[in-house]
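# Structural description and commentary
Below, each chain spelled out in residue letters.
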Amino acid sequence: MENSKSKSKGHETKHLRSGNDDFVISVVTNGSYSIIINGTTWLNNAPTYFNANNKTYNSSDGTLKLVQSSATSGTDKIGQWQSTMFLYETNDAAAVQFTAIIKTYQQLPIIIFQQYFNDGATWAQASTYESLCGGFPGFKMEGDPGKLGFLSFGGLMFGDTNKHIGSWSNQTSTINDGITGGPLALFDQDGRTLVISPFNNFMSASFLHDQNKGGNYYGGIMGGVSTIPAKYHQDFIMYYGKGINKAFEGWGKTLRNFYGKSTKQQDGDITIKYLGYWTDNGAYYYYHTENGTNYEQTVLGVRDYANKMNIPYRYFQYDSWWYYKGIGGGVKTWVARPDVFPDGFENVTKMIKYPAAAHNRYWASDTTYAKQNGGKYDFIVEKYKAVPISKQFWMDLFSEAKKWGMVLYEQDWLNVEFSGLNAFLHDLDLGAKWLTQMADAAQDSGIYIQYCMANPRHAMQSLLYPAVTQARVSNDYHPGDGQWSIGISSIFAAAMGVAPYKDTFWTTEVQPGNPYGSDEIGATNDRVDEKYRNNLSGVEGATKYLLIEERTN
């Protein structure tokens, strides 16, 4: 299908092909649009809305007026594009302007939807953090069950823990949104797939499914933000591909190329390439030592056993048991306690002769590094948690850690840090500033980073950071659970250019003296795949089966 035009009731309609004859957006000069796949309409637009001055202005009730529709074209980092721009204005004395832009690329199967805040917005916050400051693009949740399936990422571990797969229709109620929501894929039984996600400002972008069933699905800025500067823009990408894996691969490649994320840095990360010994939640020595010993003696005992058995460990992971905790269980001071390592961390790594992967969690409000508590670094401090706002803090932290052999910094509890500080939820830029200072300091220091308990927004932000080489894509390991089933979340991680990490595992079914009081049951992938197949029917079953088959082929 070539790009074409038609007129109806005084409005002009343009049918714009995006890199593939199967993928067309129909745009009408009255502000409406629809997505057509292989000649069938998959999505129709929902009304555009915009928050300012403690009000919600909506194109459906006349409070947000369409004052101009125009078209233009050009070339950017992605390629040649053409766009349709809808200029809206509020219908009150404030007369605030807001532009909704639809940009298509002739050579690539993508559409960019852009919210452009001509005049900015003050008092733009929504009623809840989970809502949005405005909605565009927006799509109606409509149609009969069985037409399309969906995959919605959400929760922790790169959106793994709350991911949902089901049938997209006016009965759908399990679409992830808000602070923990993430990318959405829609697909039919032939594998034609759309992937929808933020394209920029990942830490402040969100989605909203505005009703439990049916309703509308929107992209926008997270609902807690009160001030949006003039000329700010929030972009979303829609990518089309044939096959779920192929669509995610193409979507990820587009994003990685745009942001310059390469997987080459993974080649230098020994914790990806080689076997290591881990002590995190689910492992034998998680807050647990050999009887009558401290952690230093236990760690050295692991080394002696590995040498005796010729186990080729190349690094050792030290979890949250070694440093000082403060208010709310956060980090007070990130140094080894003398009751854990009497000879100090540096001496332990010299004795064990393995480099270190070191865990860290969120910062407590009484952290000794903050100026508010007598420290030397700038922090934002709230009731229970704090966050550094200085790259020099991270440079100094990593400099000290390198002295005791750290090669991998594991930033855990990313979700708790982000959602636990009001400052993050109200500020457009603070989330990105936090992760950028951390990653830039790691890059400058020759340190690699693993993300853990990352929401999808953290996952997508990692596109900007070569130092983030890996991420947890499953929940914490415990004997007998199915957390090794990481095929779906690994699709997301690979698209972002990071290596997916499953977490620890036991090497024998029975570990005498383990602190969990359980044994490994030896589950297999075949059992889980069989469970998927036997308990599903219709489109939901077919689409889940499709995911499994693409994952394993």
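Look up: the structure comes first, before these words.
It is worth spelling out the overall build of the chain at this point. Along its length, the chain carries 13 helices and 34 strands. For the chain, whose C-alpha radius of gyration is 25 Å, the value lies close to the compact-globule estimate of 24 Å for 553 residues. With the C-alpha coordinates of the chain rotated into their principal frame, the extents come out at 85 × 55 × 40 Å. Sequence-distant contacts in the chain: of pairs separated by 6 or more residues, those separated by 24 or more amount to 67%. Within the structure as shown, the chain displays about 21900 Å² of accessible surface, and the carbon and sulfur contribution to it stands at 47%.

Turning next to the sheet that holds strand β7 (residues 55-58). Across the sheet, which stays open at both edges, the three strands sit in the order β7-β6-β13 with antiparallel pairing between neighbours. Taken across any chain shown, the strands that pair with only one partner, and hence form the sheet edges, are β7 and β13 (134-135).

Glancing now at the pattern of salt bridges. Taken as a whole and assessed by the stated rule, the structure comprises 16 salt bridges. Between aspartate 160 and lysine 163 there is a salt bridge; the shortest N-O distance is 2.8 Å. According to the relative accessible area criterion, lysine 163 is partly exposed, its value standing at 24%. Here lysine 403 makes a salt bridge to glutamate 400, at a shortest N to O gap of 2.9 Å. Placement of the pair is lysine 403 and glutamate 400 together in helix α6 (residues 391-403), with a separation of three residues, close to one helical turn.

Counting residues in each nonpolar core, the largest one holds 143 residues, and the members touching the most others are Ile35, Trp251, Tyr318, Trp322 and Trp334. Among the elements that make up this core, the one with the highest residue count is helix α9 (residues 430-445) (seven residues). Counting residues in each nonpolar core, the second largest holds six residues, with Trp278, Tyr315, Ala357 and Leu408 among its members.

We now examine the environment of arginine 457. Locating arginine 457 in the fold gives a position in helix α10 (residues 456-461). Assessed through its relative accessible area of 4%, arginine 457 is described here as buried. Along the backbone, arginine 457 and alanine 495 are 38 residues apart, and their C-alpha atoms lie at a distance of 14 Å. For arginine 457, the side chain forms a polar contact with the main-chain oxygen of alanine 205, separated by 3.0 Å.

Moving on: the packing of α6 against α9. Close contact between α6 and α9 brings their axes to 8 Å; oriented N to C, the two are set at 40°. Overall, the two elements α6 and α9 adopt an arrangement that is oblique. For the crossing formed where α6 meets α9, the hand is right-handed. Contacts from Lys391, Trp394, Met395, Phe398 and Lys402 of α6 reach α9 at Trp434, Gln437, Met438, Asp440, Ala441, Ala442, Asp444 and Ser445. Looking at the contact of α6 with α9 residue by residue, the class counts come to seven nonpolar, two polar and four charged.

What follows covers the packing of helix α4 (residues 295-309) against helix α5 (residues 345-352). Running from N to C, α4 and α5 cross one another at 15°; their axes reach a closest spacing of 10 Å. Between α4 and α5, the angle falls in the class roughly parallel. With respect to the hand of their crossing, α4 and α5 are arranged in right-handed fashion. Seen from α4, the contacting residues are Glu296, Val299, Leu300 and Arg303; seen from α5, they are Val348, Met351 and Ile352. Counted by class, the contact of α4 with α5 contains five nonpolar, no polar and two charged residues.

Here we take up helix α11 (residues 487-495). Here α11 lies mainly inside the structure; eight of its nine residues are buried. Inspection of α11 places Gly487, Ile488, Ser489, Ser490, Ile491, Phe492, Ala493 and Ala495 among the buried residues, and these make up the whole buried set. Backbone geometry just downstream of α11 places glycine 497 in the positive-phi region, at approximately 80°.

Looking now at the sheet that holds strand β33 (residues 468-472). Here we have seven strands laid out as an open sheet, ordered β23-β24-β27-β31-β32-β33-β34, and parallel in their pairing. If you trace the sheet from one side to the other, it starts and ends with β23 (276-277) and β34 (499-501), each paired once. Across the face of the sheet, α9 comes into contact with β31 (406-411) and β32 (448-451) while running at roughly 145° to β32.

What follows is about the packing of aromatic side chains. All told, the structure shown has 61 aromatic pairs when counted by the stated rule. Each ring, one from phenylalanine 153 and one from phenylalanine 248, has its centre 5.9 Å from the other, and the planes form 90°; the classification is edge-to-face. Separated by 95 residues along the polypeptide, phenylalanine 153 in strand β15 (residues 148-154) and phenylalanine 248 in helix α2 (residues 244-259) bring together distant segments of the chain. Relative accessible area serves as the criterion here: at 0%, phenylalanine 153 is assigned to the buried category. For phenylalanine 248, a relative accessible area of 1% translates into the label buried.

Parameters and conventions
- Residues numbered from 1 in each chain as written.
- Predicted model: local features only at pLDDT ≥ 70, side-chain atom pairs only at ≥ 80, totals over all residues.
- Heavy atoms only, no water.
- Helix = DSSP H or I, 4+ residues; strand = E, 2+ residues; numbered from the N terminus.
- Rg over C-alpha atoms; globule rule 2.2 N^0.38 Å.
- Contact = heavy atoms within 4.5 Å.
- Areas by Shrake-Rupley, 256 points an atom, 1.4 Å probe, with all protein chains shown as cover.
- Pairing = 2+ DSSP bridges.
- Salt bridge = Lys/Arg side-chain N within 4 Å of Asp/Glu carboxyl O.
- Buried < 20%, exposed > 50% of the residue type's maximum accessible area, 1.4 Å probe, protein only.
- Core = buried A, V, L, I, M, F, W, Y, C linked by side-chain atoms within 4.5 Å.
- Polar contact = N/O pair within 3.5 Å; in protein donor to acceptor, adjacent residues only side chain to side chain.
- Axes fitted to C-alpha atoms, helices over the stretch in contact; angles between N-to-C directions.
- Parallel < 35°, antiparallel > 145°, perpendicular 65-115°, else oblique.
- Left-handed = near helix turned anticlockwise from the far one by under 90°.
- Nonpolar A, V, L, I, M, F, W, Y, C, P; charged D, E, K, R; others polar.
- Phe/Tyr/Trp six-rings, centres within 6.5 Å; stacked < 30°, edge-to-face > 60°.

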